[in-house]
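Here's the letter readout for the chains.
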Amino acid sequence: MTSAPAPEEGIAGGGAGLAGDGRVPRHVAIIMDGNGRWAQQRGLPRAAGHRAGAEAVRHALQAAADNRVEVLTIYAFSSENWRRSAEEISDLTALMRFYLERELKTLEKERVRLRLIGDYAAFGPELVERLERAVERTKGNTRLTLVIALNYGSQAEIAAAARKLAAKAAAGEVDPASIDEQAIENELQTRDLPPLDLLIRTSGEVRLSNFLLWQAAYAELLFLDMLWPDFDEQAFADALQVYAARNRRFGGR
Ligand code: FPP
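Just so it is clear, the model here is predicted, and its values are computed rather than measured.

Enquirer: What should I look at first to understand the overall build of the chain in this one?
Expert: Broken down by element type, the chain carries seven helices and six strands. Going residue by residue from the N terminus, the α and β elements of the chain occur as β-α-α-β-α-β-α-β-α-α-β-β-α. At 19 Å, the chain has a C-alpha radius of gyration in line with the 18 Å of a compact globule built from 253 residues. Taking the principal axes of the C-alpha coordinates as reference, the chain spans close to 55 × 45 × 35 Å.

And the structure:
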């Protein structure tokens, strides 16, 4: 990321000129799809597509910060991705290790807080230690929160919330009759993040693939035909313009 003015440094209106009036989404999530097809179109191995995808993450992060988005959540590895070949899983894990190593300084310099969702312990103690160290080192940063979803599955997240509430009910700490939407939300891994406003998926596929199902209840959905490695700062700014033009009614009229 290059240095961009921080919100508290007072640039009027924000990057898109829309901040402060609800037209800039506070929380954007991205399903980064199409790395494999991007590589295939160029006769390259899938790993090259994932490397290009990691570069696109830098662009998305920069654009989110420039446009004063508060939270950017990216789907880096779904709980279904374990079905891929051992070689591809190892490529993706190596890329994450490399990215963390290279980008930690940038995150610190740009005042980005790193957060994780998903059952990331599955990646083994070494990567877990690096991930948690990065979370710890950036926890005081306030310009942007980058949430990386790793071994994340939304249905598993909701089931875990149900289990916690059931355990509390069994222990007499919670009255089952009092369990409402807020009670479930309070047990989700996203509990302390702002509501999801905009969910983007690249590559032309039109599905949520078990990503933030609960959180997407009132989010605007945007499905783009471009492949993830082609996603750049302009694409992010264009997505914000589409969002700003949408009429969010939250079920009202
Ligand atoms: C989907 O493309 C992408 C993934 C499964 C992994 C996303 C990972 C990255 C963008 C890079 C690493 C992430 C970080 C945080 C550094 P696909 O392989 O499903 O593409 P295809 O559908 O065209 O085959």
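Enquirer: Please explain helix H5 (residues 154-170) as it appears in this structure.
Expert: In an α-helix, one turn spans 3.6 residues; hence positions three or four apart end up facing the same way. Over its 17 residues, H5 extends 24 Å from the first C-alpha to the last, a length consistent with the 24 Å expected when each residue adds 1.5 Å. Regarding H5, the residues found buried are Ser154, Glu157, Ala161 and Leu165. Down the axis of H5, the buried side of the element spans an arc of 75 degrees, and every buried residue falls inside it. In H5, the exposed positions angled more than 90 degrees off the buried face are occupied by Gln155, Arg163 and Ala170. Tucked inside the fold, the buried residues of H5 contact strand E4 (144-152) and helix H6 (181-185). The first or second residue beyond H5 is Gly172, which carries a positive phi of 80 degrees.

Enquirer: Hey, could you run me through the packing of helix H2 (residues 46-66) against helix H3 (residues 86-109) in this one?
Expert: To describe two helices that pack against each other, one gives the angle between their axes and the distance between the axes. Put simply, H2 and H3 touch, their axes get as near as 10 Å, and they point 30 degrees apart. By the angle class used here, H2 and H3 are roughly parallel. Crossing angle aside, the handedness with which H2 passes H3 is right-handed. Across the interface between the two elements, Arg46, Ala47, His50, Arg51, Ala54, Glu55, Val57, Arg58 and Leu61 of H2 pack against Glu88, Asp91, Leu92, Leu95, Tyr99, Arg102, Glu103 and Leu107 of H3.

Enquirer: What's the story with the confidence of the model for the chain in this structure? I'm lost.
Expert: Close inspection of predicted coordinates is inappropriate for parts of the model with low pLDDT. In this model, the chain carries a mean pLDDT of 91, and residues with pLDDT of at least 70 account for 91%. Here residues 1-17 is modelled with pLDDT under 50, and outside its nearest four sequence neighbours on either side it reaches 38 contacts, counting other chains as well.

Enquirer: What am I meant to see in the nonpolar core here?
Expert: When a protein is soluble and globular, its nonpolar side chains tend to lie buried together. Ile30, Leu72, Leu150 and Phe236 are the most contacted members of the largest nonpolar core, which has 48 residues in total. Those residues in contact with Phe236 that sit more than four places away from it in its chain are Val28, Ile30, Ala60, Ala63, Ala64, Asn67, Val69, Leu72 and Phe231. Membership of the second largest hydrophobic core comes to 15 residues, among which are Ile31, Val71, Phe211 and Leu212.

Enquirer: What is the right way to read the sheet that holds E4 from this model?
Expert: Remark on secondary structure: sheet strands pair via backbone hydrogen bonds, oriented parallel or antiparallel. Spatial ordering of the open sheet is given by E3-E4-E2-E1-E5-E6, a layout of six strands whose pairing is parallel. Each having just a single partner strand, strand E3 (112-117) and strand E6 (220-223) make up the two edges of the open sheet. The sheet shows a mean angle of 20 degrees between the axes of neighbouring strands, direction not considered.

Enquirer: I'm lost on the pairing of strand E2 (residues 71-78) in this one. Help?
Expert: Side chains on a regular strand alternate between the two faces of the sheet. Burial within E2 is extensive, with seven of its eight residues counted as buried. Bridge count for strand E1 (residues 27-31) against E2 is five bridges, and the pairing is parallel. Considered in E2, the bridge of Val28 is made with Leu72. Where E2 and E4 come together, seven bridges link them in parallel fashion. Following the sheet pairing, Val71 is matched in E4 by Thr145.

Reading the values: rules and limits
Residues numbered from 1 in each chain as written. Predicted model: local features only at pLDDT ≥ 70, side-chain atom pairs only at ≥ 80, totals over all residues. Heavy atoms only, no water. Helix = DSSP H or I, 4+ residues; strand = E, 2+ residues; numbered from the N terminus. Rg over C-alpha atoms; globule rule 2.2 N^0.38 Å. Expected span 1.5 Å × (residues − 1). Buried < 20%, exposed > 50% of the residue type's maximum accessible area, 1.4 Å probe, protein only. Arc of directions from axis to C-beta. Contact = heavy atoms within 4.5 Å. Axes fitted to C-alpha atoms, helices over the stretch in contact; angles between N-to-C directions. Parallel < 35°, antiparallel > 145°, perpendicular 65-115°, else oblique. Left-handed = near helix turned anticlockwise from the far one by under 90°. pLDDT = per-residue confidence, 0-100. Core = buried A, V, L, I, M, F, W, Y, C linked by side-chain atoms within 4.5 Å. Pairing = 2+ DSSP bridges.

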